[in-house]
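# Structural description and commentary
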Amino acid sequence: DLAWKCIRLKNLDNMIVAIDFGITNTDIALFNKSQYKFFSMPSKNANESFIDEIISLIDIDITEISQIVVTGGKSNELDESYKGINLTKISETDAIGYGTKEIYKIENDPFITLSCGTGTACIYHQDGQFSYVGGIAVGGGTISGLSKAILNSCSIEEVTDLALKGNRKNIDLLIGDVVNEIGVLNSNVTASNFAKLKNTNVFSKEDMSHAILNMVGEIIGTIGYLNAGLFGINKIHFLGRVSLNKVVKNSISERLKLANIKGLFEDNREYGTVIGALKLIETK
């Protein structure tokens, strides 16, 4: 289903459509005067036919659009215009960076962002330049794939509802199961994800759901604090839908605490990349 929401930001005057072609979801931002309206829909190939579908679904008069901005996916393979409208291509790295600056109200300070979608990308900013410093193939796609294979459900919403009733301690081997503690690692820290299943093939869907979401959060949190440590930064800004998930977010935060790193989770971060694409156009 097409989802939408509105927020008010800044100061472009013409109607501009920005599209972020993600692997799972395509996010659309419509700017008209001082208002931004956001939409999200399941992704398809980044081509003119899909743009036709987007324009139809968001129900706007194409003659009112002055510019289309695209990022993500294979958007760089699109033509330079769409039905006579200028089509501007923005690198996803820059879009994530500008989106972070807009959402978190950052000026020129160095920062690290983790963009958590189907996979997870890490972006570093310094002196006005954004650099892709690595990513991991773990994110929402991991949750959907493992949940489908193990629980016969690829609905993250359904898995989350189950997880909130479950206890991953019945699935994961914890530090406290092995030793009292190791340095700063307390007894509730994971020693090995899913390790208790080596002795049984019996588990509840609730416990398994919790274990899957927790593992994804722990991995994202770990890659986050390792990159933060590499650049001498003590906080991480998050974008992307996966960071909205209650269980994943909690597991990210708990993992960051091990390295005294703070996770920042601002509103509208699920639209961070498409916000960044619009913000970049505004700065030109």
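What you see is a predicted model, and the numbers here were worked out from it, not measured in a lab.

Okay, the overall build of the protein next. For the protein, the count of helices and strands is 8 helices and 14 strands. Here the protein has a C-alpha radius of gyration of 20 Å; the compact-globule value for 284 residues is 19 Å, and the two agree. The principal-axis extent of the C-alpha atoms belonging to the protein is close to 65 × 40 × 30 Å. For the protein, the proportion of its 284 residues judged to be buried stands at 49%. Accessible surface, the protein: about 13,700 Å² in total, of which carbon and sulfur atoms supply 46%. Separation of charge centres in the protein, based on 28 positive and 33 negative side chains, amounts to 5 Å.

Here we take up the confidence of the model for the protein. This prediction gives the protein a mean pLDDT of 90; 93% of its residues lie at or above 70. With pLDDT under 50 throughout, residues 1-12 is counted as low confidence; its partners more than four residues away or in other chains account for 43 contacts.

The two faces of the sheet receive side chains in turn, since in a regular strand these alternate between them. When you tally the buried positions in strand β3 (residues 25-32), you get 6 out of 8 residues, the bulk of the element. Sheet analysis places strand β2 (residues 15-21) next to β3, joined by 6 bridges and oriented antiparallel. When the sheet's bridge partners are listed, F21 is paired in β3 with T26. The turn joining β2 and β3, which pair antiparallel and follow one another in sequence, is formed by 3 residues. Both β3 and strand β4 (residues 35-42) contribute to a ladder of 8 bridges, which runs antiparallel. Directly across from D27, in β4, lies its bridge partner S40.

A rise of 1.5 Å per residue sets the reference length of helix α3 (residues 140-151), with its 12 residues, at 16 Å; its end C-alpha atoms lie 15 Å apart and thus fit the reference within 8%. Here the buried face of α3 lies against α4 (156-163), α6 (205-231) and α7 (246-257). A positive phi of about 60 degrees marks N152, the residue just after α3.

What follows deals with the nonpolar core. In this structure, I220, I236 and F238 are the most contacted members of the largest nonpolar core, which totals 55 residues. Element by element, the count of residues in this core is highest for α6, at 8 residues. Contact partners of I236, with chain neighbours within four places excluded, come to I112, L114, G224, Y225, A228, L256, I261, K262, G263 and L264. The next biggest cluster of nonpolar side chains, apart from the first, holds 22 residues, and it includes F50, I54, I55 and I65.

For α4, the full list of buried residues reads V159, T160, L162 and A163. Projected down its long axis, α4 carries its buried residues within an arc of 160 degrees, all on one side. The secondary structure elements touched by the buried residues of α4 are α3, α6 and α7.

The rules we used
Residues numbered from 1 in each chain as written. Predicted model: local features only at pLDDT ≥ 70, side-chain atom pairs only at ≥ 80, totals over all residues. Heavy atoms only, no water. Helix = DSSP H or I, 4+ residues; strand = E, 2+ residues; numbered from the N terminus. Rg over C-alpha atoms; globule rule 2.2 N^0.38 Å. Buried < 20%, exposed > 50% of the residue type's maximum accessible area, 1.4 Å probe, protein only. Areas by Shrake-Rupley, 256 points an atom, 1.4 Å probe, with all protein chains shown as cover. Lys, Arg positive; Asp, Glu negative; His and termini not counted. Charge placed at Lys NZ, Arg CZ, Asp CG, Glu CD. pLDDT = per-residue confidence, 0-100. Contact = heavy atoms within 4.5 Å. Pairing = 2+ DSSP bridges. Expected span 1.5 Å × (residues − 1). Core = buried A, V, L, I, M, F, W, Y, C linked by side-chain atoms within 4.5 Å. Arc of directions from axis to C-beta.

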